[in-house]
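# Architecture and fold: a report
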Amino acid sequence: MSDRLLVATRKGLFVLKAEGKGNWSLGEPHFVGEPVSMVLPDPRDGSLYAALNLGHFGVKLHRRRAGMAGWEACAVPVYPPQPADEARTGEGASGTADTGADHASAATPSPPAPAWTLQQIWSLETGGPDEPGVLWAGTIPGGLFRSDDHGDTWVLNRALWDRPGRREWFGGGYDAPGIHSVMVDPRDSRHVTVGVSCGGVWQTADGGATWHPTAEGMEADYMPPERRGEANVQDPHRVVQCAANPEALWAQHHCSIFRSTDGAAHWQRIEAQPSSFGFAVAVHPREPDTAWFVPAVKDECRIPVDGRLVVTRTRDGGRTFERFSNGLPAAPAYDLVYRHGLAVDDSGTQLAMGSTTGSLWTSGDGGESWQLVSAHLPPVYCVRFE
């Protein structure tokens, strides 16, 4: 089981150490008072990366090498100049735009295209074990970047960015689309899957030279009936892949839970109680039929159903779900868990969960019971075991 937990929050990065029997010690924060949008431990060389979103001062990326106490600045992804013709063209779904209720309305005119400017590093992942130094960064407004030198330089993947279909991507919770999930196939580092809000699921089998959409079976209920199955308008909130069986993927979509057993070629819709809406999903590293979710009320009412915070788990591929609340706050509770706010470690039994109200819990029994680590952290953006 993991003995270190990384917690990225609105006001710093916290590193926790396990002290046995479900107890965790909270160390001094890094980047005190600064929003840390993403954190990544690199098991290949022991490095640790932290992405910061400093608003007016821009996006920053820092690296701490193994054995070093201090952090060093890395380069950040940089978009190329935006062509004048695209700046004048809206990037809503075929002339649609964000209505304020998260998704497109066919009656609303398209806004100007989002600027080709880095707004946030929304996902950060390592390349495969055979790719030392390779990192992938998913960003808002929807660009995928690769570094071959531990973050010293970054290159925009133009094969995905330049696809004509990208102009149909649009913002969900943010004004611009974003890549929040990047999964490198453990069998083949050239095989990469990304999840886009709102732009569906995409895969490459050649290291990013070519891409194809893999969202067949997903359904966007917020679109007109004739468009609800289109790949480019899907809003997966988070996509995860089973390490031991990469053919098995789970997606917490804006409209439901979806599961694939054929490497994302096809997806099956799954309904769950008390809700199939949420943001976070975690999959067991060795049991592809086991996954965890944190349900909420849909759309603009983003609170736990009936004010009761629960974690749901399926162990049979979504046919049935168990509901757990032991150790979680009693109703009324209004904690929301962001996309990267739920994690499971390599053992498959230890989980961590952080909320928008600054609460952090851990579980040592597969989510059946939870222990409160702190109720007074800043809002939690990301939790990861190291």
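What comes next is a walk through the structure. Keep in mind the model is a prediction, meaning the values are calculated, not measured. Counting restarts for each chain: residues are numbered from 1 in the order of the written sequence. Under the rules for a predicted model, residues below a pLDDT of 70 receive no local features and side-chain atom pairs below 80 are neither given nor counted, while totals for whole chains, interfaces and linings still include all residues. Calculated side-chain values reflect all of the structure's heavy atoms, with hydrogen atoms and water omitted.

Take the sheet that holds strand β15 (residues 192-197) next. One open sheet holds the four strands; their spatial order is β14-β15-β16-β17, and the pairing between them is antiparallel. Each having just a single partner strand, β14 (178-184) and β17 (212-213) make up the two edges of the open sheet. The pairing of β14 with β15 spans six bridges and is antiparallel. Each residue of the ladder has a partner; that of Met183, found in β15, is Thr193. Should DSSP find at least two bridges between two strands, the strands are taken to pair. Each helix is a run of DSSP H or I of at least 4 residues and each strand a run of E of at least 2, with the numbering of both proceeding from the N terminus.

Bringing the pattern of salt bridges into the picture now. Salt bridges are defined by distance alone: a side-chain nitrogen of Lys or Arg within 4 Å of a carboxyl oxygen of Asp or Glu. Within the structure shown, the criterion is met by 22 salt bridges. In this structure, Arg65 and Glu72 form a salt bridge, with 2.6 Å as the shortest nitrogen-oxygen distance. Using a relative accessible area of 29% as the deciding quantity, one classes Glu72 as partly exposed. With its nearest N and O atoms 2.9 Å apart, the salt bridge here joins Arg269 to Glu271. Relative accessible area decides the class of each residue, using a 1.4 Å probe on protein chains only: under 20% of the type maximum gives buried, over 50% gives exposed, and in between gives partly exposed.

Attention shifts here to the side chain of Ser363. Position of Ser363 relative to the elements: it lies in strand β28 (residues 360-363). For Ser363, a relative accessible area of 1% puts it in the buried group. Polar side-chain contacts of Ser363 include one of 2.8 Å to the backbone oxygen of Ser369. Sequence-distant contacts of Ser363, that is, excluding residues within four places in its chain, are made with Thr349, Gln350, Leu351, Glu368, Ser369, Trp370 and Gln371. For the purposes of these results, a polar contact is taken to be a pair of N or O atoms within 3.5 Å, where, inside protein, one atom must be able to donate a hydrogen and its partner to accept one; residues adjacent in sequence count only when each atom of the pair is a side-chain atom. The contact criterion used throughout is that any non-hydrogen atoms of two residues lie within 4.5 Å.

Let us now look at the sheet that holds strand β12 (residues 144-147). In space, the four strands of this open sheet follow the order β10-β11-β12-β13, with antiparallel pairing throughout. With one partner strand each, in any of the chains shown, β10 (120-126) and β13 (155-156) form the two edges of the open sheet. Across two bridges, the pairing between β12 and β13 is antiparallel. When the bridges of β13 are listed, Arg146 appears paired with Val155.

In terms of burial, strand β16 (residues 200-204) is largely enclosed, as five of its five residues are buried. The sheet contact formed by β15 and β16 spans five bridges and is antiparallel. Across the sheet, residue Val192 finds its bridge partner in β16, namely Thr204. Summarising the sheet, β16 and β17 pair through two bridges and their orientation is antiparallel. Residue pairing across strands places Trp202 opposite Pro213, the latter belonging to β17.

Before going further, it helps to spend a moment on the environment of Thr357. Structurally, the position occupied by Thr357 is in the loop between β27 (351-354) and β28. Between the C-alpha atoms of Thr357 and Glu131, which are 226 residues apart in sequence, the distance is 38 Å. In contact with Thr357, not counting residues within four places along its chain, are Tyr334, Asp335, Ala375 and Leu377. A polar contact is formed between the side chain of Thr357 and the side chain of Asp335, at a distance of 2.3 Å. One polar contact links Thr357 to Ser355, side chain to side chain, over a distance of 2.9 Å.

Before going further, it helps to examine the packing of aromatic side chains. For Phe, Tyr and Trp, rings pair up if their centres lie within 6.5 Å, where Trp contributes its six-membered ring, and each pair is then called stacked (planes under 30 degrees apart), edge-to-face (over 60) or tilted (otherwise). Applying the stated criterion across every chain yields a total of eleven aromatic pairs. Ring geometry for Trp250 and Phe293: centres 5.9 Å apart, planes at 65 degrees, overall edge-to-face. Separated by 43 residues along the polypeptide, Trp250 in strand β19 (residues 249-253) and Phe293 in strand β23 (residues 291-295) bring together distant segments of the chain. Judged by its relative accessible area of 0%, Trp250 falls in the buried class. Taken together, the aromatic side chains of Tyr79, Trp116, Phe145 and Trp161 make up a single cluster linked through ring pairs. Charge over a ring is defined by NZ of Lys or CZ of Arg lying within 6 Å of the ring centre and within 35 degrees of the ring normal. For Arg166, the ring lying beneath its charged end belongs to Trp161, and the centroid distance is 3.6 Å.

With that settled, consider the state of the cysteines. Sulfur atoms of two cysteines make up a disulfide when they are within 2.5 Å. Applying the stated criterion to the full structure yields zero disulfides. No disulfide involves Cys74; its nearest neighbouring cysteine sulfur is the one of Cys382, lying 17 Å away. On the accessibility criterion, Cys74 (12% relative accessible area) is buried. Cys301 forms no disulfide, and the closest cysteine sulfur to it belongs to Cys255, at a distance of 16 Å.

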